[in-house]
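Secondary and tertiary structure notes
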Amino acid sequence: MAHVSLRNVTRIAAGRRIVDDVSLDIADGSCQALLGPSGCGKTTLLRLLAGFDALDGGEIRFDDDVVARPGRQLEPEDRRVGMVFQSYALWPHLDVAGNVDYALRVRKVARAERRRRVEEALDIVGLPGFAERKVQNLSGGQRQRVALARCLAMRPRLVLLDEPLANLDAHLRETMIDAFRAFHAASGATMIYVTHDQAEAMALADRIAVMDQGRLRQVDTPVRLYDAPCDAMVARFIGQGQLVPVEVLAPPVSGWARVRLYGCETLLRCDARTASGAATACLRPDALAIAEPEAAPAGVPAHIRDVRFEGASRLVRIAPEAAPQAQLVLRARGAVPAVGALVHVTVGDGWILPKAENGAIAIPQAQAAE
Ligand SMILES: Nc1ncnc2c1ncn2[C@@H]1O[C@H](COP(=O)(O)OP(=O)(O)OP(=O)(O)O)[C@@H](O)[C@H]1O
């Protein structure tokens, strides 16, 4: 286990700051996700942690050890870091036990201890009895479990995972999330999990760091990220957030402010520093609902533009009467009036984005997991 600390970490490539002044504390034994769109710098940050790339500025520490700073670079093999990649990186000519055992043999761990660790690791990842199977005959999910077992057997203090489920189909991904949780519980290692899939990050991580263009936008618990995004990028990226203009009518009371939204008054959650005046709110499809027709008209009058059947629910696109160009999406559970019908849309929940201070984005930098 290790407490990981990054201070002003910067990596420059081809004249660009592809990791730009990243500071982050990751608590001992926690699972930290790095989440962001393609090209935002997550893999580069992971490579800096592993020691595959050198940084151009800042410092990385594992507990009290400085493992990287400009001019000092601890070799990857001396960092006690385990890696799990989307490509599995298994030896095709070895059987399952041979793969799990390989690095232990290189490190000259005693035979009895090796056998015990391999057996234990295969049990934890759900592959008991697979020791003598050839890896070529395993499915993608089983191969990834072997890669996890190999990592577990090494007892690393830090495990770096780079999109480990990207090659698996949706159903397998679900079951593998349980395997990762078991892995994390059994190893007690600090985990840093890179993904562009927010559902994966939410299901696994204690904390999520959202990255964009080399920088951290928000570091928070999954619940806080969903409920209180710090800016427009995070709001849109997480949970299909939709940004709408509102007018805050009065200063907030106990975290709620009265706002005017498309001509209707409603209450939205907000930061205590929210001021009256123009603001932007984040509304999620699940928090909007079509009012019952027999109820007294309340909510935002809007026309139904489009309905998409999704099995358990319908995704409904609406255009507010007060701003027909603005389209909002809501998720409805029951029957939906026909396209073109006028309905009233109620807002069950919404969040007013904090204002940027002095042109900079107000980033909540939550401390490492308690
Ligand atoms: N050695 C390099 N030289 C030049 N540019 C690089 C180098 N390595 C990465 N980049 C660029 O830096 C940016 C960040 O790359 P990185 O692979 O870290 O992103 P990512 O968030 O992991 O993306 P993905 O999810 O697509 O893997 C990209 O624009 C990439 O093209």
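Starting from 1, residues in each chain are numbered consecutively following that chain's sequence as written. The predicted origin of the model limits local features to residues at a pLDDT of at least 70 and limits the giving and counting of side-chain atom pairs to 80 or more, whereas totals for whole chains, interfaces and linings rest on all residues. Here the side-chain values reflect all heavy atoms present in the structure, with hydrogen atoms and water set aside.

- An unreviewed UniProt entry lists the chain under the name Carbohydrate ABC transporter ATP-binding protein, CUT1 family, with Saliniramus fredricksonii given as the organism.

1. Digging into empty space enclosed by the protein
- Here a cavity denotes a set of grid points, spaced 1 Å apart and computed over the protein atoms alone, in which a 1.4 Å probe fits but from which it cannot get out, and a pocket denotes an open set meeting protein on both sides within 12 Å along at least five of seven lines; residues with an atom within 4 Å of a point are reported as lining. Grid points are joined across faces, edges and corners, and a volume is the space filled by probe spheres set on the points. For the coordinates displayed, the defined rule picks out 1 cavity of 30 Å³ or more.
- Of the volumes computed, that of the largest cavity is approximately 40 Å³.
- In this structure, the largest cavity is lined by Leu 261, Leu 283, Leu 288, Val 300, Ile 318, Leu 328, Val 345 and Val 347.
- Per-class residue counts for the lining of the largest cavity are 8 nonpolar, no polar and no charged. The classification used treats Ala, Val, Leu, Ile, Met, Phe, Trp, Tyr, Cys and Pro as nonpolar, Asp, Glu, Lys and Arg as charged, and all other residues, Gly among them, as polar.

2. Some details on the sheet that holds strand E17 (residues 300-309)
- Here the rule is simple: two strands pair whenever DSSP picks up at least two bridges between them. Helix and strand labels come from DSSP, where a helix needs a run of H or I of at least four residues and a strand needs a run of E of at least two; each type is numbered from the N terminus. Strand order in the open sheet formed by 5 strands is E16-E20-E17-E18-E19, and the pairing between neighbours is antiparallel. Looking along the sheet, the strands with just one partner apiece sit at the ends: strand E16 (288-290) and strand E19 (328-332). Taken pair by pair, the neighbouring strands of this sheet meet at an average axis angle of 45°, ignoring direction.
- For E17 and strand E20 (residues 342-347), the ladder comprises 4 bridges, and the chain directions are antiparallel. Within E20, the residue paired with Pro 301 across the bridge is His 344. Axis definition: a line fitted to C-alpha atoms, limited for helices to the stretch in contact. Angles are taken between N-to-C directions and run from 0 to 180 degrees.

3. Details of helix H2 (residues 96-106)
- Of all the positions in H2, only Val 96, Gly 98, Asn 99, Val 100, Asp 101 and Leu 104 are classed as buried.
- What makes two residues a contact is simply this: any of their non-hydrogen atoms within 4.5 Å. At its buried positions, H2 is contacted by helix H3 (111-124) and helix H4 (140-153).
- The positive-phi residue at the C-terminal boundary of H2 is Lys 108, with phi of around 60°. Buried, partly exposed and exposed residues are distinguished by accessible area as a fraction of the type maximum, computed with a 1.4 Å probe on protein chains only: under 20%, between the cut-offs, and over 50%, respectively.

4. Brief notes about helix H5 (residues 170-187)
- One less than the residue count of a helix, multiplied by 1.5 Å, gives the span that helix is expected to have. For H5, spanning 18 residues, the distance from its first C-alpha to its last is 26 Å, which sits close to the expected 26 Å at 1.5 Å a residue.
- Of the positions making up H5, those classed as buried are Met 176, Ile 177, Ala 179, Phe 180, Phe 183 and His 184.
- Buried-residue contacts for H5 involve strand E3 (31-35), H3, H4, strand E8 (158-162), strand E9 (190-195) and helix H6 (198-204).
- One or two positions beyond H5, positive phi appears at Gly 188, with a value near 65°.

5. Structural notes on the site of the ligand
- In the neighbourhood of the ligand, 13 residues make up the surrounding shell, with Ser 38, Gly 39, Lys 42, Thr 43 and Thr 44 lying closest.
- Pairing of N or O atoms within 3.5 Å defines a polar contact, subject to two protein rules: one partner must be a possible hydrogen donor and the other a possible acceptor, and residues neighboring in sequence count only if both atoms are side-chain atoms. A distance of 3.0 Å is found between an oxygen atom of the ligand and a backbone nitrogen or oxygen belonging to Cys 40.
- Take Gly 41: an N or O atom from its main chain is 3.0 Å from an oxygen atom of the ligand.
- Using a 1.4 Å probe, accessible areas were evaluated by the Shrake-Rupley method; residue-level cover was limited to the displayed protein chains. Contact with the protein chains hides 59% of the accessible area of the ligand, taken as 640 Å² for the molecule alone.
- For the shell around the ligand, the secondary structure elements donating two or more residues are strand E2 (16-26) and helix H1 (42-50).
- Sort the elements by how many residues they give to the shell around the ligand and H1 lands first, with 3 residues.
- For the shell around the ligand, the per-class residue count stands at 5 nonpolar, 5 polar and 3 charged. One heavy atom within 4 Å of a molecule or strand makes the whole residue count as near it.

6. Structural notes on the pattern of salt bridges
- Every case where a carboxyl oxygen of Asp or Glu lies within 4 Å of a side-chain nitrogen of Lys or Arg is listed as a salt bridge. The tally for this structure, following the rule as stated, stands at 26 salt bridges.
- Note that Arg 61 and Glu 59 form a salt bridge whose closest N and O atoms lie 2.8 Å from each other.
- For Arg 157, the salt bridge is made with Asp 65, and the minimal N-O distance between the two is 3.3 Å. One end of the pair, Arg 157, is in the loop between H4 and E8; the other, Asp 65, is in strand E5 (residues 65-69), with 92 residues separating them in the sequence.
- For Arg 157, a relative accessible area of 10% puts it in the buried group.

7. Observations regarding the UniProt feature "domain: ABC transporter" (unreviewed entry) in the chain
- UniProt positions are given in the numbering used here, feature names are shortened, and annotations may be inferred rather than shown by experiment. UniProt's entry tags residues 4-238 with the feature "domain: ABC transporter" (unreviewed entry), counted in the numbering of this structure.
- Counting secondary structure, residues 4-238 comes out at 36% helix and 29% strand; the distance between its end C-alpha atoms is 25 Å.

8. Side note on the side chain of Asp 20
- Relative to the assigned elements, Asp 20 resides in strand E2.
- Assessed through its relative accessible area of 13%, Asp 20 is described here as buried.
- Ignoring any residue separated from it by four or fewer positions in sequence, one finds Asp 20 in contact with Val 9, Thr 10, Gly 214 and Arg 215.

9. Considerations on the packing of H4 against H5
- Direction vectors running N to C along H4 and H5 enclose 10°, while the axes themselves pass 11 Å from each other. Put simply, H4 runs roughly parallel to H5. Mapping the contact onto sequence places Gly 141, Gln 144, Arg 145, Leu 148, Cys 151 and Leu 152 in H4 and Leu 172, Thr 175, Met 176, Ala 179, Phe 180, Phe 183 and Ser 187 in H5.
- Each residue belonging to the contact of H4 with H5 can be placed in one class, and the counts come to 8 nonpolar, 4 polar and 1 charged. Should an angle fall under 35 degrees it is taken as roughly parallel, and over 145 as roughly antiparallel, whereas 65 to 115 is taken as roughly perpendicular and any remaining angle as oblique.

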